[in-house]
Amino acid sequence: MTDNRRLRLEWASHQGSDCLQITGWSEAELSEMTRADAGALSRRLALYPSDALGASGGYATVPPIAGGFEVHDERVLFRPRFPFADSIDYTLMIDQPGSVEPETWTIRRASKASVPTARVLEIYPTAEVVPLNLLRIYVQFSDPMSDGWAERAIRIRSLDAGQPLENVFLPPVPELWDSERRRLTMLLDPGRIKRGLVPNLESGYPLADGMTVEISVDLGFRDARGQPLKATAQRTYRVGPALRSRIDPGRWSVSVPQSGSSAPLSVTLDRPLDHGLLRHSLSVQNSTGNTLHGTTAIGTSELGWSFTPEPPWECGPHQLVIEPRLEDVAGNTPARVFDRDICRPEDAPQANTQTRIPFNCGPVTR
């Protein structure tokens, strides 16, 4: 179906959106694609950042750019879910029946004169010491970022040996972004963390007790406009013993405010908790079971949590509600131990229910 035709790739605008326009199709191809639904089109056509294909060794290990193909008369449009990045090449791959390798066409997105603005705001956890069985890190960016750079631009190395550590992270395919594409989650290989699994038995834990490691984010990480970061970012951790016990809210310390005030409810935690889940897994309810509105904050090293209500506290009983999805930095929850020994009955999973800590906001005493 590719005989006597040559495709033309161009940047275009359709209904106010930037698109990639592909023309030059044969009549048979256009007829087939016009009849195809969105799922069939996405199985036949895919668009990739060219650099990502070269770095990974092939399209089979790289997720295509999120978006959709549409057929309009004699042209096919690709409308991306997120803006195209400038200054990079894009490769269109076409699956041809009967062919071993896909047909490929490449187009470059022109560079626009702009100054880099994106930077790394934080790397989590922020604690100086992490457990041997650390499960994930987060990288928080100031601006929306592009796909396909995590594996190339995020490094981990041993400061003791002065060498990179290999195969620490689970290959980020697909990359794990929040809805705004500002926070990236990097998972340390769970197969190497869970005792008894083959990767753990063959390769051991990704980290070692007593070592010092550095996480770094290179300048080459591109934002949604295709621009590099303003600066590199690093965080250093000392690796301590494994953390293998359920979260126990009974070990937390709660500082209760007085009614009529807007002072925060302050919770001191007994261990660093997962930053992303801590922000969304705790809430406060009043005596009628209604969830209070207000502002939450996470303390240094993820060892504290606070809630400031709006309006001020009412007099009477309240509850701090902890969702069962809450995890510490090693993946343990109130109900289960992530890296558990199945021979220890005390580590068997418990009921996956909310935990509630009651407290009472009393009147101001004089």
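Residues numbered from 1 in each chain as written. Predicted model: local features only at pLDDT ≥ 70, side-chain atom pairs only at ≥ 80, totals over all residues. Heavy atoms only, no water.

Q: Explain empty space enclosed by the protein here, please?
A: Space left empty within the atom packing is revealed by a probe, the size of a water molecule, rolled over the atoms. All told, the structure shown has three cavities of 30 Å³ or more when counted by the stated rule. Its volume calculated, the largest cavity comes out at about 190 Å³. For the largest cavity, the lining is made up of 16 residues, of which I65, P83, Y90, S146 and D147 are closest to its centre. Here the lining of the largest cavity is built from residues that sort into 13 nonpolar, one polar and two charged. The two domains that each donate at least three residues to the lining of the largest cavity are domain 1 (8–108) and domain 2 (120–240). As a volume, the second largest cavity reaches approximately 50 Å³. Along the walls of the second largest cavity sit Y124, P125, R136, Y138, L273, D274, H275, E302 and V329, which together make up its complete lining. A per-class count over the lining of the second largest cavity returns five nonpolar, one polar and three charged. Inspection of the lining of the second largest cavity shows a minimum of three residues originating in each of domain 2 (120–240) and domain 3 (249–339 + 351–361). (1 Å grid on protein atoms, 1.4 Å probe; cavity = no way out; pocket = protein on both sides within 12 Å on 5 of 7 lines; lining within 4 Å. Points joined across faces, edges and corners; volume = space filled by probe spheres on them. Nonpolar A, V, L, I, M, F, W, Y, C, P; charged D, E, K, R; others polar. Domains from an automatic or database assignment.)

Q: Hey, could you run me through the sheet that holds strand β14 (residues 183–187) in this one?
A: As a general point, the strands of a sheet are linked pairwise by backbone hydrogen bonds and lie either parallel or antiparallel. The strand order across the open sheet built from four strands is β8-β10-β14-β13, with neighbouring strands paired in antiparallel fashion. The open sheet has two free edges, formed respectively by β8 (120–124) and β13 (176–177), since each of these has just one partner strand. (Pairing = 2+ DSSP bridges. Helix = DSSP H or I, 4+ residues; strand = E, 2+ residues; numbered from the N terminus.)

Q: Looking at this structure, I do not really get the side chain of S50. What am I missing?
A: Position of S50 among the secondary structure elements: in helix α3 (residues 50–56). By relative accessible area, S50 is classed as buried at 16%. Those residues in contact with S50 that sit more than four places away from it in its chain are D89, Y90, T91 and T106. (Buried < 20%, exposed > 50% of the residue type's maximum accessible area, 1.4 Å probe, protein only. Contact = heavy atoms within 4.5 Å.)

Q: In this structure, what is going on with the domain arrangement of the protein chain? I would like to understand it.
A: Interface extent is often summarised as the accessible area lost during association of the parts. Once the domains are mapped, the protein chain shows domain 1 (8–108), domain 2 (120–240) and domain 3 (249–339 + 351–361). Between the C-alpha centres of domain 2 and domain 3 there is a distance of 27 Å. Opposite the 16 residues of domain 2 that make contact, domain 3 presents 14 residues. Of the roughly 1300 Å² buried between domain 2 and domain 3 on both sides combined, carbon and sulfur atoms contribute 51%. Joining domain 2 to domain 3, the criterion identifies three salt bridges. A salt bridge links D274 to R136; the nearest nitrogen and oxygen atoms lie 2.9 Å apart. (Buried area = accessible area lost by both parts, 1.4 Å probe. Salt bridge = Lys/Arg side-chain N within 4 Å of Asp/Glu carboxyl O.)

Q: In this structure, what is going on with the packing of aromatic side chains? I would like to understand it.
A: Here a ring pair, both rings aromatic, is described through the centre-centre distance and the interplanar angle of the planes. All chains considered together, the criterion is met by eleven aromatic pairs. Between F69 and F78, the ring centres sit 4.8 Å apart and the planes meet at 50 degrees, which makes this aromatic pair tilted. We note that F69, like F78, is buried. Here the aromatic rings of F141 and F221 are separated by 5.0 Å at their centres, their planes lie at 50 degrees, and the arrangement is tilted. Taken together, the residues span a long stretch of sequence, with F141 in strand β10 (residues 136–141) and F221 in the loop between β15 (212–217) and β16 (233–240) at a distance of 80 residues. F141 sits in the buried class, given a relative accessible area of 1%. Put simply, the rings of W11, F69, F78, F84 and Y90 touch in pairs and so form one group of aromatic residues. For the cation-ring pair, R109 lies above W11, with the distance from its terminal atom to the ring centre recorded as 4.7 Å. (Phe/Tyr/Trp six-rings, centres within 6.5 Å; stacked < 30°, edge-to-face > 60°. Lys NZ or Arg CZ within 6 Å of the ring centre and 35° of its normal.)

Q: I'm lost on the layout of surface pockets in this one. Help?
A: In this structure, the largest pocket occupies an estimated 330 Å³ of space. Lining the largest pocket are 15 residues, with E151, L165, E166, N167 and F169 sitting closest to its centre. Every element with two or more residues in the lining of the largest pocket is listed here: α4 (150–153) and β11 (154–158). In the lining of the largest pocket, the residues fall into eleven nonpolar, one polar and three charged.

Q: I keep staring at the pattern of salt bridges and nothing clicks. Help me out?
A: Side-chain pairs of opposite charge can arise where the charged atoms are in close proximity. Counting across every chain of the model gives 23 salt bridges. Ionic contacts of the salt-bridge type, sharing partners, join the residues R5, E29, E32, R44 and E103 into one network.

Q: Where do I start with the side chain of S146 in this structure?
A: Looking at the secondary structure, you find S146 in the loop between β10 and α4. The exposure class of S146 is buried, given its relative accessible area of 9%. At 2.5 Å, the side chain of S146 forms a polar contact with the backbone oxygen of D223. Residues within four places of S146 in sequence aside, it is in contact with A85, E175, W177, R181, F221, R222, D223 and A224. (Polar contact = N/O pair within 3.5 Å; in protein donor to acceptor, adjacent residues only side chain to side chain.)

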